[in-house]
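# Overview (structure and organization)
Read off the chains here:
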Amino acid sequence: QVQLVESGGALVQPGGSLRLSCAASGSGLFFSAYPMGWYRRAPGKQRDVVATITRGLSTTYADSVKGRFTISRDNAKKTVYLQMNDLKPEDTAVYYCNGPRADGSAFWDWGQGTQVTVSS
């Protein structure tokens, strides 16, 4: 069983920055073998993928965050990060991490997520 714990969310003003972290744990988890992704669910909307990073460190981003967000990973710490710059009110959401499968599903149960609120 893999547990995912997201942290780093906060209330921030437009134009501000945040760094989210997601720590993965579980017996026998070979973290470095999995792609990882950040997702978000805005109020009243479905959960969408924001960014992904492969085990080879290739990255993809949703168009809405390209140039502002950066995903990275530390395999030794079994942690994935999301650096978010130039935050906008539309970035307000609960942010989650997970391992994205090719069919669009996720490898593990979802964690609690971390709330990001962008507001003046």
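All of the points below concern the structure found in this document. Since this is a predicted model, take the numbers as computed values, not measurements.

Summing up its helical and strand segments, the protein chain has zero helices and ten strands in all. Written out in order from the N terminus, the α and β elements of the protein chain read β-β-β-β-β-β-β-β-β-β. What you see for the protein chain is a C-alpha radius of gyration of 13 Å, in line with the 14 Å of a compact globule of 120 residues. Each principal axis of the C-alpha distribution contributes one length, and for the protein chain these read about 45 × 25 × 25 Å.

Before going further, it helps to examine the packing of aromatic side chains. In the structure shown here, the tally under the stated rule is five aromatic pairs. Taken together, a centroid distance of 5.0 Å and an interplanar angle of 80° make the contact between Tyr34 and Phe107 edge-to-face. In this pair, Tyr34 sits in the loop between strand E3 (18–25) and strand E4 (36–41) while Phe107 sits in the loop between strand E9 (93–98) and strand E10 (114–118), placing the two residues 73 residues apart along the sequence. Between the aromatic rings of Phe107 and Trp108, the centroid separation amounts to 5.7 Å while the plane-to-plane angle is 40°, which identifies the pairing as tilted. A relative accessible area of 27% places Phe107 in the partly exposed class. For Trp108, a relative accessible area of 12% gives the class buried.

Further remarks concern the sheet that holds strand E1 (residues 3–7). Read across the sheet, four strands follow the order E1-E3-E8-E7 without closing on themselves; strand pairing throughout is antiparallel. Each edge of the open sheet is held by one strand with a lone partner, namely E1 and strand E7 (69–74). Across the sheet, the mean angle separating the axes of adjacent strands is 15° when strand polarity is ignored. Relative to strand E8 (residues 79–84), E3 runs antiparallel, the two being bridged by six bridges. Note on E8: the bridge partner recorded for Ala23 is Thr79.

Ordered by their spatial adjacency, six strands build an open sheet running E2-E10-E9-E4-E5-E6, and the pairing between neighbours is mixed. Pairing within the sheet leaves two strands with one partner each, and these edge strands are strand E2 (11–12) and strand E6 (59–61). Note: E2 against E10, two bridges, orientation parallel. Paired with Leu11 across the bridge in E10 is Thr117.

Parameters and conventions
Residues numbered from 1 in each chain as written. Predicted model: local features only at pLDDT ≥ 70, side-chain atom pairs only at ≥ 80, totals over all residues. Heavy atoms only, no water. Helix = DSSP H or I, 4+ residues; strand = E, 2+ residues; numbered from the N terminus. Rg over C-alpha atoms; globule rule 2.2 N^0.38 Å. Phe/Tyr/Trp six-rings, centres within 6.5 Å; stacked < 30°, edge-to-face > 60°. Buried < 20%, exposed > 50% of the residue type's maximum accessible area, 1.4 Å probe, protein only. Pairing = 2+ DSSP bridges. Axes fitted to C-alpha atoms, helices over the stretch in contact; angles between N-to-C directions.

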